[in-house]
Amino acid sequence: MLKFLLFLAPVAFAADPFTFGEAQSLLRSNCQKCHSGKGALGGFDMTQFPDEQSVIARSKLWNRVANRVREGDMPPPGSPAVSMVDREKFSGWVTTKLHAAACADGITPPPFPLRRLNRNEYTATVRDLLNIPVNAGRNLPADGAGGEGFDNAAETLFLSPIHAEKYLEAAKIALDYAMRDPKSRAAFLTKEPDARATLTALLPRAFRRPVDQAEIDRYIALFDAAQQRGDSYDDSISYAIQGVLLSPHFLFRLENSTHDFALASRLSYFLWGGMPDAELLKLAGENKLSDPAVLSAQAIRLLKDQKSTEFAENFVGQWLSIRELGRDIKPDPKVSPEYYDAEIQSGMLYEPALFFQEVLMQNEPLTHLLDAPYSVVSNKLARFYNIPSKDLRQQPKRFDMPAGSHRGGLLTMAAVLAVSSYPARTSPVLRGKWILESLLGTPPPPPPPDVPELKEHAGATPQTLRARLEQHRANPTCAGCHNRIDPLGFGLENYDSLGRWRETEAGQPIDASGLLPDGTAYKGPVELKQVLLAKKTQVFQNLTRKLLGYALGRGLTAEDDCAVDQIVAAVERDGYRAHTLITEMVRSIPFRQESKR
Amino acid sequence: MKPLSRRTLLRGTGAALALPWFEAMAGKGLAAKPPIRMAALYMPNGVRPDMWTPAGEGRDFLLSPTLQPLQAFKNELIIGTNLWNQAAKGGDGHYVKMSGFLTCTTVTKTLGVDLNCNGISMDQVAAQRSGQNTPFASFELATSPVTTGVDRNVGYTRVYGSHIAWSGHSNPLAREINPRSVFERLLRATRPAGNVVKQDLQLLDLVLDDAKQLRSKLGTADQVRMDEYLSVVRSLEDRLQRSASPTQANWKPRVPLDLAARPEAQPKDFAEHVRLMLDMMALAFQTDSTRIATFMFNNEVSNQNFTFVDGVKGAHHSISHHMDDAEQMRQYQLINRWHIEQYAYLLSKLQAMCEGESNVLHNSMILLGAGFRDGNKHDPHNLPVVLAGRAGGRLNTGQHLIYGPDSPLSNLYVSMLDAFGTPVERFADSTGPARGVLA
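Residues numbered from 1 in each chain as written. Chains lettered and ligands numbered in written order. Predicted model: local features only at pLDDT ≥ 70, side-chain atom pairs only at ≥ 80, totals over all residues.

## Digging into the overall build of chain A
Right, on to step 1. For chain A, the count of helices and strands is 27 helices and 8 strands.
Right, on to step 2. The globule rule puts the C-alpha radius of gyration for 597 residues at 25 Å, and the 27 Å found for chain A is close to it.
Right, on to step 3. Each of the three principal axes of chain A carries a C-alpha extent, and together these read 80 × 70 × 45 Å.
Right, on to step 4. In chain A, which comprises 597 residues, the share counted as buried stands at 51%. (Helix = DSSP H or I, 4+ residues; strand = E, 2+ residues; numbered from the N terminus. Rg over C-alpha atoms; globule rule 2.2 N^0.38 Å. Buried ≥ 20, exposed ≤ 12 C-beta atoms within 10 Å, placed from the backbone.)

## Here we look at the overall build of chain B
Right, on to step 1. Each helix and strand counted, chain B has 11 helices and 15 strands in total.
Right, on to step 2. In terms of overall dimensions, chain B has C-alpha extents of about 65 × 60 × 45 Å along its principal axes.
Right, on to step 3. Residues counted as buried form 58% of the 439 residues belonging to chain B.
Right, on to step 4. Considering only contacts in chain B between residues 6 or more positions apart, those separated by 24 or more positions represent 70%. (Contact = placed C-beta atoms within 7 Å.)

## Topic: helix α9 (residues 195-207) of chain A
Residue and element names in this part refer to chain A.
Right, on to step 1. The end-to-end C-alpha separation of α9 is 18 Å, in line with the 18 Å expected for 13 residues at 1.5 Å each.
Right, on to step 2. Within α9, burial applies to Ala195, Thr198, Leu199, Leu202, Leu203, Arg205, Ala206 and Phe207.
Right, on to step 3. Buried positions along α9 lie against α6 (119-130), α8 (182-188), α10 (213-228), α11 (233-246) and α12 (248-251).
Right, on to step 4. Positive phi shows up at arginine 208, right after α9, with a value of about 60°. (Expected span 1.5 Å × (residues − 1).)

## Some words on the interface of chain A and chain B
Right, on to step 1. Contact with chain A, which involves 62 residues of that partner, is made by 61 residues of chain B.
Right, on to step 2. Secondary structure elements with two or more residues in the side of chain A that touches chain B: α7 (161-180), α10, α11 and α12 of chain A.
Right, on to step 3. No other element matches the 6 residues that α7(A) contributes to the side of chain A that touches chain B.
Right, on to step 4. Within the side of chain A that touches chain B, the residues separate by chemical class into 26 nonpolar, 19 polar and 17 charged. (Nonpolar A, V, L, I, M, F, W, Y, C, P; charged D, E, K, R; others polar.)

## Let's talk about the packing of α9(A) against α10(A)
Residue and element names in this part refer to chain A.
Right, on to step 1. Running from amino to carboxyl end, α9 crosses α10 at an angle of 130°, the nearest separation of the two axes being 10 Å. Accordingly, the angle class assigned to the pair α9 and α10 is oblique. Both α9 and α10 take part in a crossing whose hand is right-handed. Touching Ala195, Arg196, Leu199, Thr200 and Leu203 of α9 are Glu215, Ile216, Tyr219, Ile220 and Phe223, all from α10.
Right, on to step 2. Taken together, the residues of the contact of α9 with α10 break down into 7 nonpolar, 1 polar and 2 charged. (Axes fitted to C-alpha atoms, helices over the stretch in contact; angles between N-to-C directions. Parallel < 35°, antiparallel > 145°, perpendicular 65-115°, else oblique. Left-handed = near helix turned anticlockwise from the far one by under 90°.)

## A look at unusual backbone geometry
Right, on to step 1. Notably, Arg208(A) is not glycine yet its phi reads approximately 60°, a positive angle.
Right, on to step 2. Along the chain, the position of Arg208(A) falls in the loop between α9 and α10.
Right, on to step 3. A tally of 24 C-beta atoms within 10 Å means that Arg208(A) is categorised as buried.
Right, on to step 4. Despite not being glycine, Asn382(B) has its phi angle at roughly 50°, a positive value.
Right, on to step 5. Looking at Asn382(B), the number of C-beta atoms within 10 Å reads 22, which means it is buried.

## Quick word on the sheet that holds strand β13 (residues 364-369) of chain B
All names here are of chain B.
Right, on to step 1. As summarised here, the arrangement of the 7 strands in space is β5-β10-β1-β13-β14-β4-β15, forming an open sheet in which the pairing is mixed. Single-partner strands in this sheet number two, and they are β5 (139-142) and β15 (399-408). With direction set aside, neighbouring strand axes in the sheet form an average angle of 15°.
Right, on to step 2. In terms of strand pairing, β13 meets strand β14 (residues 385-388) through 4 bridges, oriented antiparallel. When the bridges of β14 are listed, glycine 369 appears paired with valine 385.
Right, on to step 3. Against the sheet, helix α10 (residues 326-351) contacts β1 (37-42), β13 and β14, and its axis sits at roughly 175° relative to β13. (Pairing = 2+ DSSP bridges.)

## A word on the nonpolar core
Right, on to step 1. Counting 155 residues, the largest nonpolar core has Ala174(A), Ala240(A), Val244(A), Leu267(A), Ala415(A), Val416(A) and Met585(A) as its most contacted members.
Right, on to step 2. Element by element, the count of residues in this core is highest for helix α17 (residues 342-361) of chain A, at 9 residues.
Right, on to step 3. If sequence neighbours within four positions are ignored, Ala174(A) has contacts with Val126(A), Leu130(A), Ile132(A), Val134(A), Ala136(A) and Leu245(A).
Right, on to step 4. By size, the runner-up hydrophobic cluster in this structure holds 105 residues, among which are Val360(B), Leu401(B), Leu412(B) and Leu417(B). (Core = buried A, V, L, I, M, F, W, Y, C linked by C-beta atoms within 7 Å.)

## With respect to the domain arrangement of chain A
Residue and element names in this part refer to chain A.
Right, on to step 1. The domains assigned to chain A are domain 1 (2-104), domain 2 (115-257), domain 3 (261-305), domain 4 (323-444 + 464-533) and domain 5 (536-592).
Right, on to step 2. Its C-alpha centre places domain 3 at a distance of 18 Å from the equivalent point of domain 5.
Right, on to step 3. Elements with a minimum of two residues in the side of domain 3 that touches domain 5: α13 (259-271) and α15 (292-304).
Right, on to step 4. Examining the composition of the side of domain 3 that touches domain 5, we find that 6 residues originate from one element, α15, more than from any other.
Right, on to step 5. Partitioned by chemical class, the residues of the side of domain 3 that touches domain 5 number 8 nonpolar, 1 polar and 1 charged. (Domains from an automatic or database assignment.)

## A closer look at the pairing of β13(B)
All names here are of chain B.
Right, on to step 1. With 6 of its 6 residues buried, β13 lies for the most part within the structure.
Right, on to step 2. By the alternation rule, side chains of β13 split into Ser364, Ile366 and Leu368 and Met365, Leu367 and Gly369, which are all buried.
Right, on to step 3. With 6 bridges connecting them, β1 and β13 associate as parallel partners. Each bridged residue has a counterpart across the sheet, and for alanine 39 the counterpart in β13 is isoleucine 366.

## Looking at the environment of Glu425(B)
Right, on to step 1. As for its position among the elements, Glu425(B) is in the segment after α11 (409-420).
Right, on to step 2. On a C-alpha basis, the gap between Glu425(B) and Arg158(B) in space is 32 Å, while along the polypeptide they are 267 residues apart.

## Some thoughts on the domain arrangement of chain B
The parts lose accessible area when they come together, and the size of an interface is often stated as this lost area.
Right, on to step 1. Each domain of chain B was delimited in the assignment, giving domain 1 (6-188 + 252-420) and domain 2 (194-248).
Right, on to step 2. Centre-to-centre separation of domain 1 of chain B and domain 2 of chain B, based on C-alpha positions: 31 Å.

## Quick word on the confidence of the model for chain B
Residues and elements named next belong to chain B.
Right, on to step 1. Confidence in the prediction of chain B, expressed as mean pLDDT, is 90, and 92% of residues score 70 or more.
Right, on to step 2. The low-confidence segment residues 1-30 (pLDDT under 50) makes 40 contacts with residues lying over four places distant or belonging to another chain.
Right, on to step 3. Reported for the predicted complex are a pTM of 0.90 and an ipTM of 0.89. (pLDDT = per-residue confidence, 0-100.)

## Quick look at the environment of Asn363(A)
Residues and elements named next belong to chain A.
Right, on to step 1. Looking at the element boundaries, asparagine 363 is found in the loop between α17 and β3 (374-377).
Right, on to step 2. Separated by 217 residues in the primary sequence, asparagine 363 and threonine 580 have C-alpha atoms spaced 8.4 Å apart.
Right, on to step 3. Apart from residues lying up to four places away in sequence, asparagine 363 is in contact with Arg577, Ala578 and His579.

## A few points about the packing of α13(A) against α15(A)
Residue and element names in this part refer to chain A.
Right, on to step 1. Viewed as axis vectors pointing N to C, α13 and α15 meet at an angle of 30°, and their least axial separation amounts to 10 Å. Comparing the axis directions of α13 and α15 gives the class roughly parallel. Read as a crossing pair, α13 and α15 show a hand that is right-handed. On the side of α13, the interface is formed by Leu267, Ser268 and Leu271, while α15 contributes Gln298, Ala299, Leu302 and Leu303.
Right, on to step 2. Tallied by class, residues from the contact of α13 with α15 come to 5 nonpolar, 2 polar and no charged.

## Topic: the environment of Ser216(B)
All names here are of chain B.
Right, on to step 1. Counting through the fold element by element, serine 216 comes out in the loop between α6 (195-215) and α7 (220-244).
Right, on to step 2. Given 8 C-beta atoms within a 10 Å radius, serine 216 is considered exposed.
Right, on to step 3. For the pair formed by serine 216 and histidine 317, sequence separation is 101 residues and the distance between their alpha carbons is 47 Å.

## Here's the deal with the confidence of the model for chain A
Right, on to step 1. Of the residues in chain A, 94% reach a pLDDT of 70 or more, and the chain-wide mean stands at 89.
Right, on to step 2. Scored below 50 in pLDDT, residues 1-13 of chain A makes 25 contacts in the model with residues more than four places away or belonging to other chains.

Right under this line is the structure:
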């Protein structure tokens, strides 16, 4: 139990939570006027909560209260302000209490919500079903993100009329290609020219579960209709399969089939971003997949398959915001023309995902994510990093960093450094914020209303950026957050806005030292990595939350957070081995959808 | 009636020979009263406030520096001053203000669960009542895919910052960002329905049946998702049915689709991308493939690099936080002005599309605006809003209308919906039509 308490609410950089009495007193002095008695605003009547038990009983409401206070929405503008430290102590009290209460009585997972395949999953599923190297989902609209920040979150996978139109178009494009390609035909027209046999083999794969005769008959009817109007066998079977690709049984992740088949899909969409293969479906058919040992072994098998690149790209791209590079954040072609070299660009974009995949596949310690003696780079990227590259080719591969290199680990990868920069220059603020949010899982709250962004622009004043930032931190309104943000970002100032090493900027030597709010002083990226390694529990807790949110495709609940604690504890016990993270993840209660372990 | 230009005629000839129904070329289709079109263009990141509002009032006004590119259209404009969207005054700086721009409601604060804009956008109010008159009820166009991730600093999913059109409380409409795809859609819609349509309908029939059966086995929350699916498949079915049925095929393209206008699939840069999307909107209006469109220059909080504009040295969102620095403000205004130039480009394009004795611009109303005024402060008061085109004569253009402080933006939407032929008694927090807008 003691161990679990240490995991409660991330503590680094955040003040210790209030006690019940302190929280009460904050409420009384700041909230009472609007939030008590009959007609309490927003349906929140604080007089209804005389003790902690009553708070725990309304966990959803109190989570909202905590968030609104933490983010500075409440008290609203115009009321006396509450300091950021107090806001955090208050929300810390709520989340700590709710967390402890949620974990105390065991984990009951919420149901797995129905969702459609997202664009990437659709593409991968069509590709594997028909064995075609075609991006069939190319014309579908991109999907937004919800929950823990991923585009596979059920809550934000909405449908618009344009989807129906595009699904129809995509099914035609895919089949048009598949029917002409002998390799593809051999994969899915196995029983040619027997339409029934072909569909009998195809449908269970397409729907990722067993199908009955009546279901097959429905698609045979499409085939027959095409035959009756005089279509060839090819056109007729293609027409029937178009129907399959438009069916909600294909387009949606449905969990109304047996437990094991649902598990097979959950596993394959997690680690491959696509449909389960024959082995998974076979094990599901034999009801073996729910055996934890089999489940773990299958997870590792999937992880070691090259298809896990899909997972690494989707997960890392969104966890670390790297997907924004080239989309929402485009380096300035005048300042950084090198980025527009296709090989450097793809090398940059792929490095974090391929490295993450390497750590996982090879069962390396997860601490390598923060600092590793190797990376996965191409020849050009290595030269871009100014490290010897004689063994490297165009295809990225694992590569040992020269001894004493400041590179290694996610933090000093070009893509990370570029996505946390402005198009034409670096920003310690953006980089500090990136570390707090992506690695430590403690995003700073937004600036209070009417306080504009910290001025970093190189103006007429001949000061350095660091001096200007320090000046702003003299302002107490800004200091609360920027004391946490800026000192982390300074450590990376030796990297330019594309992530290349530099010793000077505008003729001035670079000062890459930082003084953290807890008194830790450090200098440069190598020491910054040590600072983060000292906070590895917090980093892995954040990674685990993100990964579980991705695996489940939804935002996490208080009870999911208990599962996160258990997974992190197991990973720590096992010396941070990467495979343990994955096997504990798939064996967790929320993933298996089984109550009480 | 003005004849079609020789160029259009030549381009259209091939199609007209192939497709006998293009009697429109002979003037038959054009004789009918031209339809009214409506569009809304959204600019992210607000505007420099002191360079936006025209001097003077009513018909006697001078365009501001930022609106200067609209000089040629001065008599076609209605510029509204002091309008705001009260429901979006709180929340965060960007997401609430963009996603509520056309709904005039407050979106629910969420990272995803309970995604809700608590209203329907005004374009969709119109689309739901008149959309059956054209192949597409509405077009949602943009240049950037939905922004990735959720914004944990402020606690909103970025889905909110990427959508202005909402067909239902939890139904943002996905946007098309590829100009070539828009063109292909126009091409399919303006072609006569062949056997393929009948076959497609048979597929959809089966699919709908699957979905209905499935729905009965689902829990309440999941049923909502299946209903969404049923509804989007039905909307496609409905469109295909209308195009295939000889008795219902009362829609014809007003002019043949200009095949030479087929755009590149990959625009070479952002500026070209914007123009191509606006071209597609103009074509859709000209052919009458849809009468309602929204276009987002970019997603809210966009940090689009604007160094392609002379005198601008940085990215949009960063510059919008100008901190009252003279140099930053100068660049901010240049970016605003660039957006107005693109708007003027669309207006001139529509104006050049003859339609009987008038032109498509005359028969349209094209709104341009932002969800807040000064980007530096995310100021929700006195939104930058311009309307262009006369809606076939229903709008009293050529005016700068100054309302009382904090007048509802929704009043303008009430007037627009009236002019469009889909009047509503109320829209969100409206208190009546906006004074002086209707002729």
